[in-house]
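A structural walkthrough
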Amino acid sequence: MDFIPHDEDTIKEMLETIGVNSLEELFNDIPKDLMVEKLNLPEGLSEPDLQKYIEKLARKNKVYSYSFLGAGCYYHYIPSLVDFVASRSEFYTSYTPYQAEISQGFLQAMFEYQSIISRLTGMDVANASMYDGSTALAEASTMAALITRKKKILILEGVHPEYIEVVKTYCWAQKISIKIVKEEELLNNLDDSVAAVLIQSPNFFGEIEDLESISRDIKNKAPNCLIIHSMTDPTCLGITNPPGSYDVDIFVAEGQSFGNPPSFGGPGLGIFTVKEKFMRKIPGRLVGQTKEINGDKVGYILTLQAREQHIRREKASSNICTNQALCALMALTYLVSLGETGLREVAIQNFQKADYTKKKLAELPGYKILNKKPTYNEFLLECPNLDTFIEECKKFNLLPPLKISKYYPNLPNVALVCVTELNSRDSIELLIKAAKNANKLETGEKK
Amino acid sequence: MKFCEVPLIFEKKVEKQQKNFVPKLDIDVIKIEEIIPQKFIRKEIPIPDIPEVEVVRHFIQLSQMNFGVDNGFYPLGSCTMKYNPKINEKLARLPGFTNIHPLQDENLGCLELMANLIKYLKEITGMNAFTLQPAAGAHGELTGLLIMRKYFETQNLDKNKIIVPDSAHGTNPASARMAGFSTIELQSDENGEVPLDQLEFAMEEGDVAGIMLTNPNTLGLFERKVKEITKIVHENGGLCYYDGANLNPTLGICKPKDMGFDIVHLNLHKTFSTPHGGGGPGAGPIGVSENLAEYLPVPRIMTLNDEIKIITKGDNSIGRIKAFWGNFGVLIRAYAYILALGGEGLKKVAQISVLNANYLRTQLKNLFYLPYDRICKHEFVLSDKNLPNDVNTEDVAKRILDFGCHAPTIYFPLIVSGALMIEPTETESKEKLDNFIEILRKIKEEAENSPEILKTAPHNTPIGRLDAVLAARKPILKK
């Protein structure tokens with residue numbers, strides 16, 4: 001199957017117009033010894049055969065009834081209208097809106113996205129998206145180094161381990177050093193040589209940091225040090241204080257939770273916001289409001305492009321060109337579908353259901369909650385027999401929590417449990433039952 | 001396209017009603033103040049509550065003010081705006097993919113898909129190993145350059161410069177800076193190609209890590225001396241990076257590996273038909289030659305004796321460049337596309353994309369100045385140089401919009417003054433191409449007889465020409 005409209009006669013006619021005898025002749029400029037005979041690929045498939053084949057692949061993955069897994073990728077309800085909007089051809093088959101006059105739809109949507117992210121986060125300026133939360137955090141780090149002309153980044157323990165890896169990769173190339181510090185060591189490590197402190201809250205362990213006091217302490221000790229706040233599930237902003245209400249310079253987040261499915265971890269959405277004074281340093285596209293040259297109509301256009309690679313080349317603030325615009329459109333659709341009432345309700349339910357689960361699990365003999373601070377929809381659970389617990393979850397068709405030893409080998413028996421608004425009471429009861437069973441089996445084995 | 005002025009979503013009437021998108025709470029109510037300290041709780045969220053039907057109408061109205069490939073001809077050079085097969089949209093939405101968590105165990109379907117895609121991309125490019133992690137072309141460039149940096153670092157060689165031709169995409173020098181390199185710009189010769197003597201001269205400086213090259217280049221011309229270019233770079237201890245933005249016309253024709261490249265990035269959203277999504281998401285896989293495989297980011301998916309292996313650590317790996325696996329949803333579509341076309345189909349893609357471009361080139365050169373006049377590949381570049389009455393490229397581009405077409409890429413590449421970069425792609429019919437030629441013929445006539453129409457264009461779009469200067473001088477970035 002191909003998607004080429006010409007038949008043989010048309011091809012012949014076009015070749016004649018060009019003045020060549022064959023399609024092959026169009027490739028005469030390529031050195032002969034570079035030409036390949038044919039590609040060793042399977043024969044093309046018809047649409048029904050293709051569908052059958054791919055469906056078979058999809059069935060090799062397991063779709064669970066309920067999930068207790070988060071750790072940077074979350075199951076939240078996606079209103080049907082989100083995919084309906086994103087499936088509009090006019091949106092998804094367009095590209096970066098260079099021609100503003102026939103791209104007003106997407107440009108206005110991006111302006112609304114920037115606005116709604118500003119409103120939700122309390123930050124002054126949001127760009128039109130980065131690849132994901134991890135690269136947004138990495139670019140925030142290199143941006144901070146560029147602004148402060150300093151080459152040292154402190155990372156407060158609790159940033160997503162994969163995000164730290166990405167930050168490391170980006171910083172290594174630009175000779176920026178990074179150091180991971182515990183909260184009690186933070187101030188001792190802080191001095192005028194530090195470009196920025198990276199803080200995730202709620203952190204990887206689910207805990208909400210007291211950003212107001214941490215940011216105050218940081219700015220007191222090192223007034224020029226930037227504070228970068230990162231988040232992996234921003235649905236909590238439906239109830240918790242916006243980062244803009246603290247002394248945060250850059251706020252970044254993974255926006256997947258806003259209307260984008262897990263999809264094996266991508267595409268996601270990098271949310272990137274800054275305080276006003278860094279507006280001209282922000283990476284990525286920005287959409288601005290303007291007017292017609294010969295009229296009064298208000299319209300939208302890509303702006304402040306002097307920051308960008310296609311104008312500034314090696315002096316650009318970032319190399320980003322293609323972004324995650326469609327994911328941003330889905331996030332916008334999600335946020336306006338829920339509105340203030342819905343967003344608040346989602347956040348409250350995540351708090352409530354996770355808290356409920358936490359308390360129930362803590363009552364079980366052998367199980368212990370390790371968090372000392374308030375948590376959002378994730379928490380750390382020490383288990384008597386984690387592997388059995390995970391197998392028991394699978395038996396009940398529950399996607400099990402994360403074995404945190406994947407990232408922290410020194411915590412062999414600890415699970416990172418995620419509970420969202422999608423977890424019904426029944427699913428939570430099943431999780432408790434799985435935990436009980438695991439413990440029973442454990443004691444049984446010992447006998 | 002229908003015109004309707006759409007007020008911002010924030011101007012809609014607010015109805016404080018219960019939302020349908022949150023399940024009914026089925027556990028005992030716990031007060032939020034009992035879970036988190038009062039001081040963590042926000043008072044308000046300035047996001048309006050709008051009835052569902054009004055939300056839908058808002059976005060449908062916005063979509064009617066937007067132009068995509070499904071609306072009409074979209075000859076945006078270097079972006080390969082080909083038709084996006086609808087079956088791929090359906091397949092990417094299978095719950096067996098969308099509901100899969102990146103950290104879950106039972107993921108064989110995803111891994112197999114990625115391992116197979118890697119196998120096919122290796123065959124198409126000739127490269128020996130791939131990563132699918134990069135989220136876009138520029139992200140792939142950064143990854144590839146970091147591999148270069150690591151490669152020299154492990155050999156204790158201090159190489160800090162990258163050669164980039166002046167016809168290169170802006171992302172090339174920008175990526176080089178992000179990877180810690182400075183750039184040496186190479187001036188193209190009178191044929192629009194890389195001049196070998198200048199290349200040799202630049203390489204002899206000694207601290208050059210390598211070259212980034214697009215082939216066919218951004219003029220749409222195949223670098224005929226590509227093998228000499230890569231040879232010179234290799235002989236001087238450098239590596240060769242292939243910018244895959246223009247891979248479309250080489251599918252099944254020739255391979256970057258055979259041209260002498262060590263690192264290749266692909267834009268799955270261009271060559272492999274995944275939708276551009278209004279600017280993204282894309283995917284920018286990186287392929288490397290055998291000796292660079294150990295530098296690829298982790299985790300790496302490999303097939304050994306028909307078994308899929310995940311490599312999570314490597315002493316020489318550059319590390320991670322993105323959380324999780326990559327833009328998996330995009331990979332599904334690209335994979336389905338390759339399966340649909342097969343080897344023969346992909347070769348036909350290359351042939352017809354070149355046929356379509358040359359068909360336009362041979363006729364449009366009678367209307368507009370064509371600075372490099374020879375057989376092109378998937379695209380070609382016109383100039384506004386000979387247009388009468390001070391009509392410029394922007395005027396032409398804006399006027400094209402009036403005829404229900406997207407404009408070409410304009411003012412790029414920088415080496416052509418007033419560039420109009422035209423890439424028709426293989427999925428456009430002769431009828432559409434003829435129509436485009438007619439449009440440009442009319443515009444040429446208008447340039448001669450009634451230039452005012454062009455200077456004030458567009459006229460038939462939802463809004464007139466917008467003031468870019470005003471937008472940048474007094475930035476309004478939110479409401």
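Scroll up to find the structure this text is about.
Residues numbered from 1 in each chain as written. Chains lettered and ligands numbered in written order. Predicted model: local features only at pLDDT ≥ 70, side-chain atom pairs only at ≥ 80, totals over all residues.

1. Some remarks on the overall build of chain B
Scanning chain B from terminus to terminus reveals 16 helices and twelve strands. For chain B, the C-alpha atoms occupy an extent of roughly 75 × 65 × 45 Å along the three principal directions. Relative to its 479 residues, chain B shows a buried fraction of 59%. (Helix = DSSP H or I, 4+ residues; strand = E, 2+ residues; numbered from the N terminus. Buried ≥ 20, exposed ≤ 12 C-beta atoms within 10 Å, placed from the backbone.)

2. Quick notes on the nonpolar core
Of all hydrophobic cores here, the largest spans 309 residues; its most connected members are Ala196, Val197 and Leu335 of chain A together with Leu331 of chain B. Ranked by residues supplied to this core, first place goes to helix 12 (residues 328–364) of chain B with 22 residues. The contacts of Leu335 of chain A, once residues within four sequence positions are left out, are Ile116, Leu120, Phe258 and Leu343 of chain A together with Ile47 of chain B. (Core = buried A, V, L, I, M, F, W, Y, C linked by C-beta atoms within 7 Å. Contact = placed C-beta atoms within 7 Å.)

3. Here's the deal with the sheet that holds strand 1 (residues 129–131) of chain B
Residues and elements named next belong to chain B. On the basis of which strands lie adjacent, the open sheet formed by seven strands has the order 1-7-6-5-4-2-3 and mixed pairing. At either margin of the open sheet sits one strand with a lone partner, and together these are strand 1 and strand 3 (182–186). The mean inter-strand angle of the sheet, taken between neighbouring strand axes irrespective of direction, is 25°. Relative to strand 7 (residues 286–288), strand 6 (residues 263–266) runs antiparallel, the two sharing three bridges. If you follow Ile263 over to strand 7, its bridge partner there is Val288. Across the sheet, helix 6 (residues 137–154) touches strand 1, strand 4 (208–214), strand 5 (239–244), strand 6 and strand 7, and the angle it forms with strand 6 is around 165°. Sitting on the sheet, helix 8 (residues 196–203) is in contact with strand 2 (161–165), strand 3 and strand 4, with an inclination near 155° to strand 3. (Pairing = 2+ DSSP bridges. Axes fitted to C-alpha atoms, helices over the stretch in contact; angles between N-to-C directions.)

4. Quick look at the interface of chain B and chain A
Counting from both sides, the interface comprises 168 residues of chain B and, opposite them, 167 residues of chain A. The element that contributes the greatest number of residues to the side of chain B that touches chain A is helix 12 of chain B, accounting for 23 residues. Looking at the side of chain B that touches chain A residue by residue, the classes come out as 95 nonpolar, 44 polar and 29 charged. (Nonpolar A, V, L, I, M, F, W, Y, C, P; charged D, E, K, R; others polar.)

5. Observations concerning the packing of helix 1 (residues 8–18) of chain A against helix 12 of chain B
For any two helices packed against each other, one specifies the crossing angle of their axes together with the interaxial distance. Their axes nearest at 9 Å, the elements helix 1 of chain A and helix 12 of chain B cross at an angle of 45°. The pairing of helix 1 of chain A with helix 12 of chain B is recorded here as oblique in orientation. Considering how the two elements wind past one another, helix 1 of chain A and helix 12 of chain B form a crossing that is left-handed. Two secondary-structure elements touch here, helix 1 of chain A through Ile11, Met14, Thr17 and Ile18 of chain A and helix 12 of chain B through Leu355, Asn358, Tyr359 and Thr362 of chain B. (Parallel < 35°, antiparallel > 145°, perpendicular 65-115°, else oblique. Left-handed = near helix turned anticlockwise from the far one by under 90°.)

6. Some points on the sheet that holds strand 11 (residues 368–369) of chain A
The pairing of strands in a sheet comes from backbone hydrogen bonds and takes either a parallel or an antiparallel form. Residue and element names in this part refer to chain A. Spatially, four strands are ordered 11-12-15-14 in an open sheet, and the strand pairing comes out antiparallel. Across the chains shown, the open sheet's two edge strands, defined by having one partner strand only, are strand 11 and strand 14 (402–403). In terms of strand pairing, strand 12 (residues 378–382) meets strand 15 (residues 414–418) through five bridges, oriented antiparallel. From the neighbouring strand, Glu382 faces strand 15, where its bridge partner is Val414. Taken strand by strand, helix 11 (residues 325–363) contacts strand 11, strand 12 and strand 15, and its axis lies near 10° from that of strand 12.

7. A closer look at unusual backbone geometry
A cis amide bond links Gly266 of chain A with the next residue in sequence, Pro267 of chain A, at an omega value of 0°. Summarising the element assignment, Pro267 of chain A is placed in the loop between strand 7 (250–254) and strand 8 (270–274). In this model, Thr80 of chain B sits at a positive phi of 50°, which is unusual for a non-glycine residue. Of note, Thr80 of chain B is situated in the loop between helix 2 (52–63) and helix 3 (86–92). Even without glycine at this site, Asp306 of chain B takes up a positive phi of about 65°. Take Asp306 of chain B: it is sitting in the loop between strand 8 (300–304) and strand 9 (307–311).

8. Considering the pairing of strand 6 (residues 226–231) of chain A
The two faces of a sheet get side chains in turn, since along a regular strand they alternate between them. Residue and element names in this part refer to chain A. Counting buried positions over the six residues of strand 6 gives six, a clear majority of the element. Neither face of strand 6 is exposed, since Leu226, Ile228 and Ser230 on one face and Ile227, His229 and Met231 on the opposite face are all buried. Assessed by its sense of winding, the connection that carries the chain from strand 5 (residues 196–200) through helix 9 (residues 211–221) to strand 6 is right-handed. Here strand 6 pairs with strand 7 via four bridges, running parallel. Bridging from a neighbouring strand, Ser230 pairs with Val252 of strand 7. (Right-handed = clockwise from strand over helix to strand, strands pointing away.)

9. Details of helix 9 (residues 226–235) of chain B
Residue and element names in this part refer to chain B. Among the residues of helix 9, Val226, Ile229, Thr230, Ile232 and Val233 are the ones counted as buried. Around the axis of helix 9, the buried residues are gathered within 155° of arc, so they sit on the same side. A positive backbone phi angle near 80° is found at Gly237, which sits one or two residues after helix 9. (Arc of directions from axis to C-beta.)

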